[in-house]
Amino acid sequence: MPFDFRRFDIYRKVPKDLTQPTYTGAIISICCCFFITFLFLSELTGFIANEIVNELYVDDPDKESGGKIDVNLNISLPNLNCELVGLDIQDEMGRHEVGHIDNSMKIPLSNGNGCRFEGRFTINKVPGNFHVSTHSATAQPQNPDMSHFIHKLSFGDTLQVTNIHGAFNALGGANRLASNALASHDYILKIVPTVYEDLSGKQKFSYQYTVANKEYVAYSHTGRIIPAIWFRYDLSPITVKYTERRQPMYRFITTVSSDH
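Here's what I pulled together on the structure shown here. (Residues numbered from 1 in each chain as written. Predicted model: local features only at pLDDT ≥ 70, side-chain atom pairs only at ≥ 80, totals over all residues. Heavy atoms only, no water.)

Examining the state of the cysteines
- Counted according to the given criterion, the structure contains one disulfide.
- Cys82 shares a disulfide with Cys115; S-S distance 2.2 Å. One disulfide, between Cys82 and Cys115, carries an S-S torsion of 100 degrees and so falls in the right-handed class. With Cys82 in the loop between β2 (68–77) and β3 (86–91) and Cys115 in strand β6 (residues 114–124), this pair connects stretches of sequence that are 33 residues apart. Of the two residues, Cys82 and Cys115, both sit in the buried class.
- Left without a disulfide partner, Cys32 is nearest to the cysteine sulfur of Cys31, which lies 7.0 Å away. (Disulfide = S-S within 2.5 Å. Helix = DSSP H or I, 4+ residues; strand = E, 2+ residues; numbered from the N terminus. Buried < 20%, exposed > 50% of the residue type's maximum accessible area, 1.4 Å probe, protein only.)

Given below as structure tokens:
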């Protein structure tokens, strides 16, 4: 009798004429197929989606900016006429500018009794401040009302990335409409440079910031109350970098194989 090599097969199959399908087996089989499909689609979705990796380092990320940071300010003062509203900028490099008007717009509110100020300007990468005040007005009002609502305050490029939840507009929505009309407002900002690099290697340079604030009544040397809205800023030496990456194919294949 010839030697049959198949006798070494330890994974022997049952002949089809000895098997019998059941409703229970069919239900279990269908559930298993659905579960396997679900696992595969879950892994496929994770493979297609990009992941964001972040890191911290000490450096100036945007060396081509010339030491400047773009600022976008949008604020409403419903009880102060546009003729009185001005933006002043000063810093530790000696900059002192009163009534900055470049790339700014004033929109009258409440039949001219209020004003919405929208401005884009640059600041130096050194500690300083910019403030909304009546300092540049031809004649100072008797009782300037600095109650306000901040729509937006952001620095650098705008990041249109949904899976990064940073404080890029931390003061957006700040409501000081019920505050003391003659009070000055100090917003102390700690600005953190932020870099976002997409899959193509293109980088955007933005800035997150934390904020603390206080409200007080300030008197000039003549004894008059001249309120203002101050934004005092300092820069953090730490840079946050977000890098967009896609999961490698070998990891996807390995994960799918192990799941199934």
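Regarding the layout of surface pockets
- The computed volume of the largest pocket comes to approximately 210 Å³.
- Around the largest pocket, the lining is made up of 15 residues, and of these Asp157, Thr158, Leu159, Phe168 and Asn169 lie nearest the centre.
- Listing elements by their share of the lining of the largest pocket, those giving two or more residues are β8 (149–156) and β11 (203–216).
- For the lining of the largest pocket, the leading source of residues is β8, giving four residues.
- Considered class by class, the residues forming the lining of the largest pocket number six nonpolar, seven polar and two charged. (1 Å grid on protein atoms, 1.4 Å probe; cavity = no way out; pocket = protein on both sides within 12 Å on 5 of 7 lines; lining within 4 Å. Points joined across faces, edges and corners; volume = space filled by probe spheres on them. Nonpolar A, V, L, I, M, F, W, Y, C, P; charged D, E, K, R; others polar.)

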